[in-house]
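Here are the chains, one letter per residue:
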Amino acid sequence: MSPQKVVILNGAKNEDDDLTSPFSLLNNVLVDGAFDVQSFHLKEIKLAHCTGCFGCWIKTPGICVARDKGREIIQSIIGCDVVILFTPVTFGGYSSPLKIIVDRFIPLISPFFGNYHGETHHDPRYPRYPRWVGIGVQRHPDTAEAELFKTLVGRNAINFHAPTFAADVMNIDDDHEAMTQKLQGLLSRKDPKPVDNVASFFPKVDMRSLVDTREGTRHALLLIGSPKLTQRSTSAILGEHVLEILRTAGWTTNLYHLKASLNREKGKTELCSAVDRADLVILAFPLYIDALPHLVTRALEVIATHNNTLTDKKNQQIFTIINNGFPEYDHNALALAICHGFAEQSGFSWAGSLAMGAGEALGRGQELTQPKREGPPVKHVIKALDMAGAALAKGNTVPFETQRLISKTPIPLASFGIWRWMFKKIGKNFWIQKASEKGVSKDRLYAKPYAD
């Protein structure tokens, strides 16, 4: 019998020299177990981030349109028995070097939807997928953060139809024997897939005032985390709606599109300067693989590093708006928990959040108040954003009622079951139509380019 093939995705950043030892221990455990190991040290590989173009579904089905080493990595993953995600735990999630390749995994699944574990997920593209293993490393023990990380790995395993998964977190100060035993256990352990407890990760909000006692005009900054820069994104539409309410209430406002320039010193300085001027930061982004898109992850890393060097940090608030491509809004829970972890570690006061399902189906690149809009009604979305904006303008946290509103079924009098059935049917027709516009037949949408 040939040895099992293992692919390791090493998400250590340039400054993570202290992760060298636990990574070496992992390699030793795999060598002792006679595994066939292939490692990708992601910080050394230049990869394009996912731009949300969906070309890997409708233009070159099953293959990312970016012609870089990401294609080789994806092919190795679908051909292996076990994929191991190795990363410093970053606000409860993955590091930006790891997230950039995880976001590129969507060619491995189908654009069409199905019901799995009682939830909406994408159908599998391949008949076989590797086992999913996550290994996080913490510098300071944090049980809640570790639980969030392990749940994220499990949610990824569900979305990518992994037959089994296991995840655990080590502390950088653990002795080598303890680390080795934990790593050995991970290789054989089968953790239960997290389905029932996801909503419990939604951050709790205290209903209270967050107004800064200093006088003067208050300033709000909208960080748009959608990678779509050539067209209006749902994230921009949602965030700008709240920004306009603040502007009407007398706030000064600014918006900043997150870009790949974050990886250069000039881009980091521009972002941090914009954040420093803000009393309120509004972060709006789409869900990417159960968590934050790569650029948002990178932005939060940069801001956290900067804020932790400040000796006189002013009182700042953060409010988060997230939308996903499934009808269920609670797919967003882990991403919001990661944002909340960032806020706690970076000195921001949590002003609340809004989590919306079916983002693109409802947004469609159209202004929310645009006459004769196409698609389902969005009056509930507008009302929720208006309530959130009014609360923030007064310096208050956003009430939970806004979340209840934005998560309502958009079709009047329709049950969620009917809405989910409609969503999947409309979605299937949408992808077939978009592929046809690219000259791609429906049959080609099921292509399995890495099947061999």
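This report concerns the structure included in the present document. These figures come from a predicted structure and were not determined experimentally. Residue positions are given per chain, counting from 1 as you read along its sequence in written order. Where totals are concerned, whole chains, interfaces and linings use all residues; where local detail is concerned, this predicted model gives features only for residues with pLDDT of at least 70, and gives and counts side-chain atom pairs only at 80 or more. For the side-chain quantities, the full set of heavy atoms in the structure was used; hydrogens and water were omitted.

## A word on helix H12 (residues 379-393)
- Going along the chain from the N terminus, every DSSP run of H or I of four or more residues is numbered as a helix, and every run of E of two or more is numbered as a strand. Expected helix span is given by 1.5 Å per residue-to-residue step, counting one fewer step than there are residues. Under the 1.5 Å per step criterion, the end-to-end length of H12 is 21 Å for 15 residues, consistent within 8% with the ideal 21 Å.
- Classification of residues uses two cut-offs on accessible area relative to the type maximum, computed with a 1.4 Å probe and protein chains only: under 20% is buried, over 50% is exposed, and between them is partly exposed. Among the residues of H12, His380, Val381, Ile382, Ala384, Leu385, Ala388, Gly389, Ala391 and Leu392 are the ones counted as buried.
- The inward-facing, buried residues of H12 abut helix H7 (234-248), strand S10 (280-286), strand S11 (316-323), strand S12 (348-356), helix H11 (359-363) and helix H13 (401-406).
- Positioned one or two residues after H12, Gly395 has a phi angle of 80 degrees, which is positive. Any two residues whose heavy atoms approach within 4.5 Å at even a single point are treated as in contact.

## Some words on the sheet that holds strand S8 (residues 219-224)
- Pairing within the open sheet is parallel, and its five strands lie in the order S9-S8-S10-S11-S12. A strand with exactly one partner marks an edge of an open sheet, and here the two such strands are strand S9 (252-257) and S12. Across the sheet, the mean angle separating the axes of adjacent strands is 15 degrees when strand polarity is ignored.
- On top of the sheet, H12 reaches S10, S11 and S12; it is set at about 170 degrees to S12, its chief contact. A pair of strands is treated as paired once DSSP finds two or more bridges between them. The angle between two axes is taken between their N-to-C directions and runs from 0 to 180 degrees, where each axis is a line fitted to C-alpha atoms and a helix contributes only its stretch in contact.

## Side note on the layout of surface pockets
- Cavities and pockets were defined on a 1 Å grid built from protein atoms only: a cavity is a group of points that admits a 1.4 Å probe but offers it no way out, a pocket is an open group of points flanked by protein on both sides within 12 Å along at least five of seven lines, and a lining residue is one with an atom within 4 Å of any such point. Grid points are joined across faces, edges and corners, and a volume is the space filled by probe spheres set on the points. When its volume is computed, the largest pocket comes out at roughly 1400 Å³.
- Forming the walls of the largest pocket are 47 residues, and the residues nearest its centre are Phe54, Lys228, Glu360, Phe430 and Trp431.
- Every element with two or more residues in the lining of the largest pocket is listed here: helix H2 (55-58), strand S4 (109-116), H7, H11 and helix H14 (416-437).
- Counting residues per element, the lining of the largest pocket draws most heavily on H14, which supplies eight residues.
- Lys, Arg, Asp and Glu make up the charged group, whereas Ala, Val, Leu, Ile, Met, Phe, Trp, Tyr, Cys and Pro make up the nonpolar group; the residues left over, Gly among them, are polar. Of the residues contributing to the lining of the largest pocket, the split by class is 22 nonpolar, 15 polar and 10 charged.
- Taken together, 20 residues make up the lining of the second largest pocket; nearest its centre are Lys13, Val89, Phe91, Arg139 and Gln345.
- Among the elements of the structure, strand S6 (131-138) and helix H9 (294-307) are those that each provide at least two residues to the lining of the second largest pocket.
- With five residues, the top contributor of residues to the lining of the second largest pocket is H9.
- Taken together, the residues that form the lining of the second largest pocket break down as six nonpolar, six polar and eight charged.

## Details of helix H1 (residues 20-32)
- If you check H1, its first and last C-alpha atoms are 18 Å apart, about what 13 residues at 1.5 Å a residue would give, namely 18 Å.
- Residues of H1 that are buried: Pro22, Phe23, Leu25, Leu26, Val29 and Leu30. For H1, the angular spread of buried residues about the axis comes to 155 degrees, placing them on one side. Set apart from the buried face of H1 by more than 90 degrees, the exposed residues are Val31 and Asp32. Our arc is simply the arc of the directions from the helix axis toward the C-beta atoms.

## Quick word on the pairing of strand S2 (residues 36-41)
- Of the pairings in the sheet, the one linking strand S1 (residues 5-10) to S2 comprises six bridges and is parallel in character. If you follow Asn10 over to S2, its bridge partner there is His41.
- Note on the crossover from S1 through H1 to S2: the handedness is right-handed. A right-handed crossover is one whose linking path, passing over the helix from the first strand to the second, runs clockwise when the strands point away from the viewer.

## Details of the nonpolar core
- Judged by nonpolar contacts, the single largest core of 123 residues is most densely connected at Leu9, Phe105, Trp132, Leu223, Leu271 and Phe319.
- Among residues more than four places away in sequence, those in contact with Leu271 are Leu223, Tyr256, Leu258, Leu262, Ala299, Val302 and Ile303.
- What makes a nonpolar core is a set of buried Ala, Val, Leu, Ile, Met, Phe, Trp, Tyr and Cys residues whose side-chain atoms join them at distances within 4.5 Å. Counting residues in hydrophobic clusters, the runner-up holds 21 residues, among them Leu30, Ile84, Val137 and Ile172.

## Some words on the sheet that holds strand S3 (residues 82-88)
- Across the sheet, which stays open at both edges, the five strands sit in the order S2-S1-S3-S6-S7 with parallel pairing between neighbours. With one partner strand each, in any of the chains shown, S2 and strand S7 (165-171) form the two edges of the open sheet. Pairs of neighbouring strands in the sheet enclose a mean axial angle of 15 degrees, with direction left out of account.
- With five bridges connecting them, S1 and S3 associate as parallel partners.

## Side note on the packing of H7 against H12
- Direction vectors running N to C along H7 and H12 enclose 45 degrees, while the axes themselves pass 9 Å from each other. Comparing their axes, H12 and H7 come out oblique. Crossing geometry of H7 relative to H12 is assigned as right-handed. From H7, Leu238, His241, Val242, Ile245 and Leu246 reach across to H12, where they touch Val381, Ile382, Leu385, Asp386, Gly389, Ala390, Leu392 and Ala393.
- Among the residues forming the contact of H7 with H12, the class breakdown is 10 nonpolar, two polar and one charged. Should an angle lie under 35 degrees it is considered roughly parallel, over 145 roughly antiparallel, and from 65 to 115 roughly perpendicular; all remaining angles are considered oblique. In this scheme the handedness of a crossing depends on how the near helix is turned from the far one: anticlockwise by less than a right angle means left-handed, clockwise means right-handed.

## Examining unusual backbone geometry
- Phi is positive for Phe91, close to 60 degrees, though the residue is something other than glycine.
- In this fold, Phe91 is placed in the loop between S3 and helix H4 (96-102).
- Its relative accessible area of 8% is what places Phe91 among the buried residues.
- At Leu413, a residue that is not glycine, the phi angle is positive and equals roughly 70 degrees.
- Looking at the element boundaries, Leu413 is found in the loop between H13 and H14.

Limitation: the analysis is restricted to geometry and does not speak to function.
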